[in-house]
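Residues per chain, in single letters:
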Number of protein chains: 2
Amino acid sequence: MPEQNLPKNNKNNPNAGLLLIGDELLSGRTQDVNFPSIARFLTERGVDLCEVRVVSDDESDIVAAVNALRARYTYVFTTGGIGPTHDDITADAIAKAFGVEIEQHPQAVKMLHKLFEANGVEANEARMRMARVPVGGELIDSDKIKVPGFHIGNVFVMAGVPKIMNLMLEAVSDMIEGGAVVLSKSVRIEKGEGDLAVPLAQIQDQFPNVSIGSYPFHEKGCYGANIVLRGRNEDDLARAFKQVEALV
Amino acid sequence: MPEQNLPKNNKNNPNAGLLLIGDELLSGRTQDVNFPSIARFLTERGVDLCEVRVVSDDESDIVAAVNALRARYTYVFTTGGIGPTHDDITADAIAKAFGVEIEQHPQAVKMLHKLFEANGVEANEARMRMARVPVGGELIDSDKIKVPGFHIGNVFVMAGVPKIMNLMLEAVSDMIEGGAVVLSKSVRIEKGEGDLAVPLAQIQDQFPNVSIGSYPFHEKGCYGANIVLRGRNEDDLARAFKQVEALV
């Protein structure tokens, strides 16, 4: 069963894959919050997030996932594993995925010396490991970021700590090309999905470029579904939405 | 770049992959809560969760992910896409992944008739779509579950609505074989990771069957790292932990 690894048809719109790296996510000890932040960030910029993967701090797993995702999507984002400890192996794995060496990046060295001096801590070997970037990579640059994230090819390598990840994401904004933003409209309908299914499918058939999702809820003795319409054509979206609203 | 698709060496312990299905997760509109629940469930049963993927409601994406994961791990769990509306395509995709037909499962038909009768709703065609199970599949069975989830081969197909997913997960407990539970110990150290890196790496080298993770925190002017040790050998874990505690 060879994995389907062809570039995803992106209908002229940029798309993305996301790779979350960390044993602590897979053990259930830590709940990831970066995925929804990145999902919203990309949606706002018209970049379709098509796939997310979570893998452990294992080099071969990271290499395999990065290579699968970077072949398939316009952009790949990774979070986690770029700190100073032995379990931080993301930068090395990315170098391996790209088949390049890894070395200290002069700008990252400068950035870290400044940080360690300000914090009054020693720029020891472990801390300076954070300055290592795969050859050909460039820093994710911003005045607000004090530790190095980097990008190489179409892969953006960011921190796992949400506060730092969010600053990096903000800086990435200028480095990627967005697309036509997906517009969305939603309505809450207090009817069972089983009663909505046929008319919704008919509306979906009529508007192939509008994606209609039905998300059921059950709360306080009340049940129904939130119907979410998404699309890039405003007119079609409005016309489809009018038909869905008539189901309320 | 062919994807690495070999069975993951599980060191005689069962392992698992998880597939979350749904456009609404990828758009950032809905935040998944099933992943951490399933991660904790598996950890408690000694099953290593090795990989998670999130894909959209797209048949070829679901088929590719299911086939990649089921070849690699002892168990695969999926959530989402088993309701009655047009965007619920998981059961069909699983049938396609296994190369089998899909048909109404007699036990599922019975289950749904009972539910619809109790709720006073019509057992219409859309609702009865939920009774369709890939040929060879069996229901995830429990008195508490009122809608059909199923398993086929090593793949367990569950609902996306967390309340229902949790009931299905409980029922799955008797259907899977657990392993030696991973023991863990953790300690909070208020020192920078850069100062802990060298001694932690030395301890890690000494105890290859203990996995030592370092998770930094910054809060209220205080910083440090939570060091988490995980392993299946109690003695080694205790010995490694003693050395880590000495770093406090």
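In the block above lies the structure referred to throughout.
In what follows, the accompanying structure is described.

Parameters and conventions
- Residues numbered from 1 in each chain as written.
- Chains lettered and ligands numbered in written order.
- Predicted model: local features only at pLDDT ≥ 70, side-chain atom pairs only at ≥ 80, totals over all residues.
- Heavy atoms only, no water.
- Pairing = 2+ DSSP bridges.
- Helix = DSSP H or I, 4+ residues; strand = E, 2+ residues; numbered from the N terminus.
- Axes fitted to C-alpha atoms, helices over the stretch in contact; angles between N-to-C directions.
- Contact = heavy atoms within 4.5 Å.
- Parallel < 35°, antiparallel > 145°, perpendicular 65-115°, else oblique.
- Left-handed = near helix turned anticlockwise from the far one by under 90°.
- Nonpolar A, V, L, I, M, F, W, Y, C, P; charged D, E, K, R; others polar.
- Phe/Tyr/Trp six-rings, centres within 6.5 Å; stacked < 30°, edge-to-face > 60°.
- Buried < 20%, exposed > 50% of the residue type's maximum accessible area, 1.4 Å probe, protein only.
- Lys NZ or Arg CZ within 6 Å of the ring centre and 35° of its normal.

**As for the sheet that holds strand β10 (residues 210-219) of chain A**
All names here are of chain A. Here 3 strands make up an open sheet; going across it, the order is β9-β11-β10 and the pairing antiparallel. For this open sheet the edge positions go to β9 (183-189) and β10, each flanked by a neighbour on one side alone. Within the sheet, the average angular offset between the axes of one strand and its neighbour, ignoring direction, is 20°. The pairing of β10 with strand β11 (residues 222-231) spans 10 bridges and is antiparallel. Among the inter-strand pairings, Phe 217 is bridged to a residue of β11, identified as Gly 224. Docked against the sheet, helix α9 (residues 234-245) engages β9, β10 and β11, running at close to 5° with respect to β9.

**Considering the packing of helix α3 (residues 59-72) of chain B against helix α4 (residues 90-98) of chain B**
Residue and element names in this part refer to chain B. The N-to-C vectors of α3 and α4 enclose an angle of 55°; their axes lie 9 Å apart at closest approach. By the angle between their axes, α3 is oblique relative to α4. As α3 packs across α4, the resulting crossing turns out to be right-handed. On α4, the residues touching Glu 59, Ile 62, Val 63, Val 66, Asn 67 and Arg 70 of α3 are Thr 90, Asp 92, Ala 93, Ile 94, Lys 96, Ala 97 and Phe 98. For the contact of α3 with α4, the residue count by class is 7 nonpolar, 2 polar and 4 charged.

**Observations concerning the packing of aromatic side chains**
Residue and element names in this part refer to chain A. Under the counting rule described, the total for this entry stands at 6 aromatic pairs over all chains. Pairing Tyr 75 with Phe 77 gives two aromatic rings, centres 6.5 Å apart and planes at 45°, and the pair type is tilted. Judged by relative accessible area, which is 0%, Phe 77 ranks as buried. Their ring planes at 25° and their centres at 5.4 Å tell us that Phe 77 and Phe 156 sit as a pair that is stacked. Of the two residues, Phe 77 sits in strand β3 (residues 75-79) while Phe 156 sits in strand β8 (residues 155-158), which places them 79 residues apart along the sequence. Judged by relative accessible area, which is 3%, Phe 156 ranks as buried. Taken together, the ring pairs in this structure connect Tyr 75, Phe 77 and Phe 156 into an aromatic cluster. Sitting over the face of the ring of Phe 116, Arg 127 holds its NZ or CZ atom 5.7 Å from the ring centroid.

Functional significance is not addressed by these values, which are geometric in nature.
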